[in-house]
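# Survey of secondary and tertiary structure
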Amino acid sequence: MLNRNKFFFSIITLGLCLAASPCRAQQAPPQSSQAAARAHKQAQVPWWKHAVIYEVYPRSFQDSNGDGVGDINGITSRLDYLRDLGVDAIWISPMYPSPLVDFGYDISDYTAIDPLYGALADFDRMVSEAKKRNIRVIMDFVPNHTSDQHPWFKESSSSRANPKRDWYIWRDGKGMGQPPNNWQSWFGHSAWKFDPTTNQYYYHHFYTEQPDLNWRNPQVRKAMYDAMRFWLDRGVAGFRIDAVSRLFEDPNLHDDPILPGKNAYGDPNIAHKYTDNLPEVHEVLREMRKVVDKYPGNPVLISEADEPNIAELTKMYGAKDDEVQLPMDFQIADVNKLSAPDFRRLLNEIDHNAASGQPHYFFSNHDQPRQWDRYGDGAHNDQIAKLMAALLLITRATPLMYYGEEIGMRTTEPTRKEEVQDPIGKIGWPEEKGRDGERTPMQWDASANAGFSTSQRPWLPVPPSAATYNVATESQDPNSVLSFYKRLLALRRSEPSLRNGGLYLPLNQEDPYVLAFLRKKPGSSDAILVVLNMSAEARTVKFDLSAEGVKESSAKALIAAPEIGPQSTQVAHFTVPAFGVFIGSVR
Ligand code: GLC
């Protein structure tokens with residue numbers, strides 16, 4: 001399979017309600033002065049530092065009205081599940097009115113809900129029901145482009161003299177039938193589309209139906225910041241900012257450098273030097289941060305940007321901690337093989353980032369094949385799913401889960417071009433099959449359509465694996481992937497060493513197969529030892545933890561996969577099974 005991770009974006013509490021948040025009022029009063037001090041200290045820590053965020057792809061989570069497409073009331077009906085799973089916030093992919101060319105990432109109104117997903121009142125009810133369960137709602141925000149059906153673009157394209165002409169990127173062609181330069185769309189072919197009405201080309205980084213906004217125009221900025229305020233006023237806890245590094249293009253329209261070879265669309269490979277990561281992106285991020293910082297409760301900004309290295313990723317935090325709090329770490333997401341040295345190097349690098357920013361890890365989302373297949377070896381996929389879960393949830397980071405990863409959902413690609421929904425699969429077939437495979441309906445139970453919809457034909461077919469990989473079946477099995485996720489999430493919540501800035505201390509840094517580390521509260525002698533065997537053979541490991549202030553020679557198992565029960569293990573010598581996970585407490 002084409003490595004779409006790289007391709008796409010290279011193409012691209014309950015007990016945890018700690019911040020100045022609406023759910024604070026729901027907390028039980030502290031039991032003692034020590035507890036009061038602890039509660040006060042934790043209240044200083046913004047919620048997103050200890051939160052687990054869960055991405056909901058709304059078309060595929062739960063259909064409440066039988067039309068085959070998921071909706072807001074469906075999400076609301078599953079909030080109890082999310083609370084019991086143990087997540088703190090949901091990021092919902094776009095639900096704005098949209099012609100759905102890019103399934104919602106082509107927005108035609110930034111301050112409304114598409115009737116397909118429900119009404120604004122349904123949205124408000126979802127936010128308020130989520131709040132009752134201490135779950136925050138994060139909106140997806142798509143600033144780079146609108147739909148070509150957005151009234152702004154309709155005005156802009158109506159005449160060269162229209163007051164909104166400059167809201168988009170219009171340029172003359174080079175000559176008859178010649179676009180202004182060689183820039184390419186991430187979704188294939190030229191990034192310029194000719195408009196015969198006004199005899200100019202407009203720029204679109206993604207589909208032709210997604211014209212890029214001109215972020216050098218102050219009116220565009222104001223309109224977009226107003227849209228952010230609209231949702232903040234309705235109680236959202238922040239935004240995941242889509243495709244943020246693509247906001248600006250070189251005003252001089254330099255051609256991008258051509259690289260050897262061709263891409264999945266048959267175009268020459270190019271380096272997107274003049275359309276990606278221009279310095280002005282950071283100016284906009286600072287402005288967006290100012291918008292959210294005006295609101296109580298520490299709203300968060302999450303950026304989607306595939307930064308080429310840790311130095312670039314670090315810039316996203318801002319020189320004065322004044323840009324995004326959580327830049328998604330695509331480097332860790334894109335390791336794509338079980339390599340202890342690779343993960344160790346990247347975890348170390350981000351842990352020491354110059355901005356002291358909070359790491360933000362994920363392995364799956366609506367743009368990339370699911371981790372069950374990407375990291376699985378075909379024989380031990382469930383065990384490897386548990387290993388990846390431990391890596392995501394126990395390292396020092398704000399983890400971002402993707403719906404269904406907790407039940408071991410797999411990527412189920414279309415088998416025929418006629419079945420493809422995602423336009424990039426239509427353009428790129430058969431080499432690029434699109435993103436339908438990672439967007440199939442959530443598997444709730446073993447009934448028809450896995451409990452996702454009563455429709456005869458959900459918008460994407462329910463994979464056959466739903467018969468056994470589903471919430472209801474896995475809830476009954478203590479050894480299921482779901483049960484393992486729940487235990488990890490509960491441990492993360494209850495263990496002081498794993499929360500709120502607990503240190504990440506790598507161990508045995510030369511080990512080629514086993515990734516091991518300690519998690520520890522600064523100044524405490526209690527720690528959590530994490531041992532992840534990333535190889536297909538049992539490995540014997542030896543630790544000397546005395547340098548880390550650990551005196552005892554044994555570790556008490558808290559969670560292990562395969563399960564070993566509550567036994568103690570000698571840290572100076574123990575064996576971890578193939579792809580095994582050991583998480584134990586040491587002191
Ligand atoms: C982002 C989204 C992706 C979308 C693209 C264009 O990368 O995650 O789904 O197609 O932006 O908006």
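Heads up: the structure comes first, above all this text.
Residues numbered from 1 in each chain as written. Predicted model: local features only at pLDDT ≥ 70, side-chain atom pairs only at ≥ 80, totals over all residues. Heavy atoms only, no water.

Moving on: the overall build of the protein. Scanning the protein from terminus to terminus reveals 18 helices and 21 strands. Computed over the C-alpha atoms, the radius of gyration of the protein is 24 Å, within 12% of the 25 Å expected from 2.2 N^0.38 for a compact globule of 587 residues. Along the three orthogonal principal directions, the C-alpha set of the protein runs to about 75 × 50 × 50 Å. Here the protein holds 587 residues, and the buried ones make up 61% of them. Element-wise, carbon and sulfur atoms account for 52% of the exposed surface of the protein, whose accessible area totals about 22,000 Å². Separation between the mean location of the 64 positive side-chain charges and that of the 73 negative ones in the protein comes to 5 Å. (Helix = DSSP H or I, 4+ residues; strand = E, 2+ residues; numbered from the N terminus. Rg over C-alpha atoms; globule rule 2.2 N^0.38 Å. Buried < 20%, exposed > 50% of the residue type's maximum accessible area, 1.4 Å probe, protein only. Areas by Shrake-Rupley, 256 points an atom, 1.4 Å probe, with all protein chains shown as cover. Lys, Arg positive; Asp, Glu negative; His and termini not counted. Charge placed at Lys NZ, Arg CZ, Asp CG, Glu CD.)

Here we come to the pattern of salt bridges. Considering all chains together, one arrives at 35 salt bridges under this definition. Between Arg133 and Asp80 there is a salt bridge whose closest N-O contact spans 2.5 Å. With Arg133 in the loop between helix H7 (120–132) and strand E3 (136–141) and Asp80 in helix H6 (residues 79–85), this pair connects stretches of sequence that are 53 residues apart. Arg133 sits in the buried class, given a relative accessible area of 17%. For the salt bridge of Asp88 with Arg493, the shortest nitrogen-to-oxygen distance reads 2.9 Å. You can see Asp88 sitting in the loop between H6 and strand E2 (89–92) and its partner Arg493 sitting in helix H18 (residues 481–494), a full 405 residues away along the chain. Exposure remark for Asp88: the relative accessible area of 4% places this residue in the buried category. (Salt bridge = Lys/Arg side-chain N within 4 Å of Asp/Glu carboxyl O.)

Pairing is parallel in the open sheet, where eight strands are placed in the order E11-E10-E7-E3-E2-E1-E13-E12. Each edge of the open sheet is held by one strand with a lone partner, namely strand E11 (326–327) and strand E12 (360–362). Here three bridges tie E3 to strand E7 (residues 238–241), and the two strands are oriented parallel to one another. Pairing of Phe141 across the sheet is with Ile241, part of E7. Against the sheet, helix H9 (residues 218–233) touches E3, E7 and strand E10 (300–303), its axis set at about 160° to E3. (Pairing = 2+ DSSP bridges. Contact = heavy atoms within 4.5 Å. Axes fitted to C-alpha atoms, helices over the stretch in contact; angles between N-to-C directions.)

Every second residue of strand E1 (residues 53–56) is oriented toward a common face, with Ile53 and Glu55 on one face and Tyr54 and Val56 on the other, all of them buried. In this structure, E1 lies alongside strand E13 (residues 398–402), joined through three bridges in parallel fashion. Bridging across to E13, Tyr54 finds its partner in Met401. Strand direction decides the pairing type here: E1 and E2, joined by four bridges, are parallel. Across the sheet, residue Tyr54 finds its bridge partner in E2, namely Ile90.

This part is about helix H13 (residues 340–351). Between its terminal C-alpha atoms H13 stretches 16 Å, which fits the 16 Å expected from 12 residues at 1.5 Å a residue. All of the buried residues in H13 are Ala340, Phe343, Arg344, Leu346, Leu347, Asn348, Ile350 and Asp351. A side-chain oxygen of the first residue of H13 lies 3.0 Å from the backbone nitrogen of Asp342; this N-cap is Ser339. (Expected span 1.5 Å × (residues − 1). Polar contact = N/O pair within 3.5 Å; in protein donor to acceptor, adjacent residues only side chain to side chain.)

Let's shift gears to the side chain of Glu129. Structurally, the position occupied by Glu129 is in helix H7. Judged by its relative accessible area of 17%, Glu129 is buried. For Glu129, the side chain forms a polar contact with the side chain of Lys132, separated by 2.6 Å. Apart from the residues lying within four places of it in its own chain, the contact partners of Glu129 are Thr76 and Leu79.

Attention now goes to the site of the ligand. Around the ligand lies a shell of 16 residues, among which Asp102, Asp242, Glu304, His366 and Asp367 are the nearest. His145 places a side-chain nitrogen or oxygen 2.9 Å from an oxygen atom of the ligand. Asp242 has a polar side-chain atom sitting 2.9 Å from an oxygen atom of the ligand. Across the complex, the protein chains shield 100% of the 310 Å² of accessible surface that the ligand would expose by itself. For the shell around the ligand, the class distribution of residues is six nonpolar, three polar and seven charged. (Near = heavy atom within 4 Å. Nonpolar A, V, L, I, M, F, W, Y, C, P; charged D, E, K, R; others polar.)

Tallied over the entire structure, the rule returns 34 aromatic pairs. Aromatic side chains Trp215 and Tyr225 sit 5.9 Å apart centroid to centroid with 50° between the ring planes, which places their arrangement in the tilted category. Here Trp215 is found in the loop between strand E6 (200–203) and H9, whereas its partner Tyr225 is found in helix H9, with 10 residues between them in sequence. In this pair, the class of Trp215 matches that of Tyr225, namely buried. Ring centres 6.2 Å apart and planes at 50° place the aromatic pair Phe543 and Phe574 in the tilted group. (Phe/Tyr/Trp six-rings, centres within 6.5 Å; stacked < 30°, edge-to-face > 60°.)

Glancing now at H18. Taking 1.5 Å per residue, 14 residues should reach 20 Å; H18 reaches 20 Å between its end C-alpha atoms and fits that length. Looking at H18, one finds that the buried residues are Val481, Leu482, Ser483, Phe484, Tyr485, Leu488, Leu489, Leu491 and Arg492.

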